[in-house]
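# Notes for the structure review
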Amino acid sequence: MIEKLNTLPEHIAIIMDGNGRWASQKKLPRTLGHKAGVEALKEIVRYTSSIKIKILTVYAFSTENWKRPLEEVEYLINYLLIEFLKKEIDEINRNNVKIRILGDIKPLPKKTKEEIIKAVELTKNNKGLLFNIALNYGGKDELVNSFRVISEMILKKTITPTDINEKLVSKYLYTANEPDLIIRTGGEKRLSNFLIWQGAYSELYFTDVFWPDFKKENLIEAINDYNTRNRRFGGLKMEE
Ligand code: IPE
Ligand code: IPE
Ligand code: MG
């Protein structure tokens, strides 16, 4: 049970890690770990949408994940993502969920891009949960892109360097939305290039549970833990 419904985090971000280890433990190929990971994701999208979380951002594929064996990369971006979107899009749309992609989709295969564009287009006016999928996403890459846009503006003299501030840098990121809570499953305690700007004041929650085993009960545990935190943002302790 969620103990304090009135203080739900508005924006939850998840580093869905541990699919490979989940599969190895069961002597299965890593790809089946990813497949099981999609099942976990479906449950979490349904649940977050039902409890009126405003934003769910999940890390699906990083700019560094291209280093993996071709077979695994292809399974993830040629097959699994397309399958997920094809099978789930109707329910996602019915639940008023809006899909957005964070990351550079240019290098993705044509079919994957088409499916993504379809899903984004179909759900663009939905007003329920904003479901961000970080795909070919890197926090450093995102900042570099923002700096490029800003440099162009300086060259064109639409702004001067003194106009650069946090708001402007945020404006050209894939998202300016700052997560209240970042959850990482799978036991590692690092951000792995996820939301490094937006996560500056996020509460971090780490669990050893592998992503395919992460159920709504685990999310509730994370939310309850979040609700015990005292967020100060550099100021003084806030009154209860
Ligand atoms: C996370 O699970 C999914 C992706 C990075 C795509 P992993 O594949 O990293 O699983 P482990 O960390 O090897 O167990
Ligand atoms: C982070 O997990 C990326 C995703 C979950 C998509 P990784 O498994 O790639 O991270 P590292 O390599 O352990 O830091
Ligand atoms: Mg991993």
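So, here's what we can say about the structure. (Residues numbered from 1 in each chain as written. Chains lettered and ligands numbered in written order. Predicted model: local features only at pLDDT ≥ 70, side-chain atom pairs only at ≥ 80, totals over all residues. Heavy atoms only, no water.)

## Notes on the overall build of the protein
A tally of regular secondary structure across the protein gives seven helices and six strands. Mapped in sequence order, the helices and strands of the protein form the string β-α-α-β-α-β-α-β-α-α-β-β-α. Relative to the compact-globule value of 18 Å for 240 residues, the protein shows a C-alpha radius of gyration of 18 Å, a close match. Projected onto its principal axes, the C-alpha coordinates of the protein cover approximately 55 × 50 × 35 Å. Looking at the protein residue by residue over its 240 residues, the buried ones come to 49%. If you take every contact in the protein between residues at least 6 apart in sequence, the share linking residues at least 24 apart comes to 76%. Of the side-chain charges in the protein, 39 are positive and 33 negative, and the distance between the mean point of each set is 3 Å. (Helix = DSSP H or I, 4+ residues; strand = E, 2+ residues; numbered from the N terminus. Rg over C-alpha atoms; globule rule 2.2 N^0.38 Å. Buried < 20%, exposed > 50% of the residue type's maximum accessible area, 1.4 Å probe, protein only. Contact = heavy atoms within 4.5 Å. Lys, Arg positive; Asp, Glu negative; His and termini not counted. Charge placed at Lys NZ, Arg CZ, Asp CG, Glu CD.)

## A short note on the pattern of salt bridges
Under the counting rule described, the total for this entry stands at 19 salt bridges. Arg68 is the salt-bridge partner of Glu72, the closest N and O atoms lying 2.8 Å from each other. Take Glu72: its relative accessible area is 7%, and that puts it in the buried class. One salt bridge connects Arg229 with Asp225, and the closest N-O pair in it is separated by 2.6 Å. Via salt bridges that share partners, Asp17, Arg21, Arg184, Glu188 and Arg190 belong to a single interconnected network. (Salt bridge = Lys/Arg side-chain N within 4 Å of Asp/Glu carboxyl O.)

## So, the sheet that holds strand E5 (residues 181–184)
Read from one edge to the other, the open sheet built from six strands follows the order E3-E4-E2-E1-E5-E6, with strand pairing classed as parallel. Both edges of this open sheet fall to strand E3 (98–102) and strand E6 (203–206), since each of them pairs with a single strand only. Between one strand axis and the next, the sheet turns by 20° as a mean value, whatever way the strands run. Relative to E6, E5 runs parallel, the two being bridged by four bridges. By the bridge assignment for E6, Ile182 is matched with Leu204. (Pairing = 2+ DSSP bridges. Axes fitted to C-alpha atoms, helices over the stretch in contact; angles between N-to-C directions.)

As far as function goes, none of this settles anything; it's purely spatial.
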